[in-house]
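Structural overview
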Amino acid sequence: MKIQHEGRTIRYANGGNAGDSSDPGVVLLHGSGMNRTVWQLQTRFFAHHGYRVAALDLPGHGGSDGPPLSRIERMGDWVAEMVDVLGFGPAHLVGHSMGTYIALEAAGRHPEAVRSLVLLATAAAMPVHPALLESAKHDVPRAGSLMTSWGCSSRAHVGRHASPGFWLLGGSRALVEVSPGGALAADMAACNSYGGAVDAAASVACPVSVILGSDDKMTPVRSAQELLAAFDPGETVPAVKVTVLDGVGHMIPLEDPGRTRTCITEALATADASLAPDDRD
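From a predicted model like this one, the values you see are computed outputs, not experimental measurements. (Residues numbered from 1 in each chain as written. Predicted model: local features only at pLDDT ≥ 70, side-chain atom pairs only at ≥ 80, totals over all residues. Heavy atoms only, no water.)

**Observations concerning the packing of aromatic side chains**
The tally for this structure, following the rule as stated, stands at three aromatic pairs. Ring plane angle 80° and centroid distance 5.4 Å describe the contact between F45 and F46, whose orientation is recorded as edge-to-face. Accessibility expressed as a relative area gives 1% for F46, which makes it buried. Judged by centre distance (4.8 Å) and plane angle (50°), the rings of Y101 and Y194 are tilted. Placement of Y101 in helix α3 (residues 98-109) and of Y194 in the loop between α7 (183-193) and α8 (197-203) is noted, with a sequence separation of 93 residues between them. On the accessibility criterion, Y101 (0% relative accessible area) is buried. Overall, the relative accessible area of 6% leaves Y194 in the buried class. Each member of the aromatic cluster is reached from another via a ring pair, and the members are F45, F46 and Y51. (Phe/Tyr/Trp six-rings, centres within 6.5 Å; stacked < 30°, edge-to-face > 60°. Buried < 20%, exposed > 50% of the residue type's maximum accessible area, 1.4 Å probe, protein only. Helix = DSSP H or I, 4+ residues; strand = E, 2+ residues; numbered from the N terminus.)

And the structure:
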């Protein structure tokens, strides 16, 4: 699907079903150098199970016009704009890796646009290895190789793709390699310089679920603890639910799409049930 916003084309996937205007909206946000297709094994399910879905290509990624945005805060503003343009508000935001920071900023800066957050493979900070930063600027194929090697669990290196005959590392590497020029470098720099995750988490006033991988080398479980502690549950915001998927690395939506789908489904249902009747309209 394509829409026009401020003179630029924005591409997104809706799972083959536009849904009903009364259905809750779910916006899926990809990570660095990726695009909407990382959610292809979840998007269609949600689109045919009571949700309106938009797996977005961020500006300058996939089929969306550039240039890529250089700051996480601006990406959060842009996502809030997209929620309004799509008529999804308030929407559930589901983010992976860099997408978790974008979702946090959108929720903190534009609470009226966000129904709940589901954060996959997140951390209090995401410093990027200098070798990866340099490769992202000058040698994207090498960057893709480094990302997928570090991002997938050891077991995923030798199989475990949800579709028989496909190789997770090869597919992920190819996805990075076809990213538009400058996208990966901009994303890596944005993640490396971003220091607002903990403050953004402290300002979130909606239900939050977090999904982590036990074998994640890029955002290990321990690196999420400061972020988790920053959320402030209150009378209207339930405690953060944290799920750790055993044997899964950083590429959670691709590496274990079945359990990912189940966890997101439960998170959305719990969030909807926790909202007051007036907030569900």
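Structure's up, so let's keep going.
**Some details on the pattern of salt bridges**
Applying the stated criterion to the full structure yields eight salt bridges. Residue R115 pairs with D272 through a salt bridge whose shortest N-O separation is 2.7 Å. Of this pair, R115 sits in strand β6 (residues 114-120) while D272 is found in helix α11 (residues 257-274), placing the two residues 157 residues apart along the sequence. For the residue pair R115 and D272, the accessibility class agrees, reading buried in each case. In this structure, the salt-bridge partner of E266 is K241, at a minimum N-O distance of 3.5 Å. Of this pair, E266 sits in helix α11 while K241 sits in strand β8 (residues 241-245), and the two are 25 residues apart along the sequence. The exposure class of E266 is partly exposed, given its relative accessible area of 38%. Connected via shared salt-bridge partners are D77, E105 and R109. (Salt bridge = Lys/Arg side-chain N within 4 Å of Asp/Glu carboxyl O.)

**Remarks on the pairing of strand β3 (residues 25-29)**
With five of five residues buried, β3 is to be regarded as a mostly interior element. Residues G25, V27 and L29 of β3 are buried on one face, and the alternating residues V26 and L28, pointing to the opposite face, are buried as well. Pairing between β3 and strand β4 (residues 52-56): five bridges, direction parallel. Opposite V26, over in β4, you have V53 as the bridge partner. Between β3 and its parallel partner β4, the chain crosses via helix α1 (residues 40-47), and the hand of that crossover is right-handed. In the sheet, β3 pairs with strand β5 (residues 91-96) via five bridges, with the strands oriented parallel. Residue pairing across strands places V27 opposite L93, the latter belonging to β5. (Pairing = 2+ DSSP bridges. Right-handed = clockwise from strand over helix to strand, strands pointing away.)

**A few points about the environment of G16**
Mapped onto the elements of the fold, G16 is located in the loop between β2 (8-13) and β3. Considering only alpha carbons, one finds G16 and V178, 162 residues apart in sequence, at a separation of 24 Å. Discounting chain neighbours no more than four positions away, the residues touching G16 are R44 and H48. (Contact = heavy atoms within 4.5 Å.)

**Notes on the nonpolar core**
L56, L93, L104 and L117 are the most contacted members of the largest nonpolar core, which totals 89 residues. If you tally residues by element for this core, the top one is helix α2 (residues 72-86), at eight residues. For L56, the contacting residues outside a window of four places in its chain are I10, R11, Y12, V27, L28, L29, H30, R36, W78, M82 and L86. (Core = buried A, V, L, I, M, F, W, Y, C linked by side-chain atoms within 4.5 Å.)

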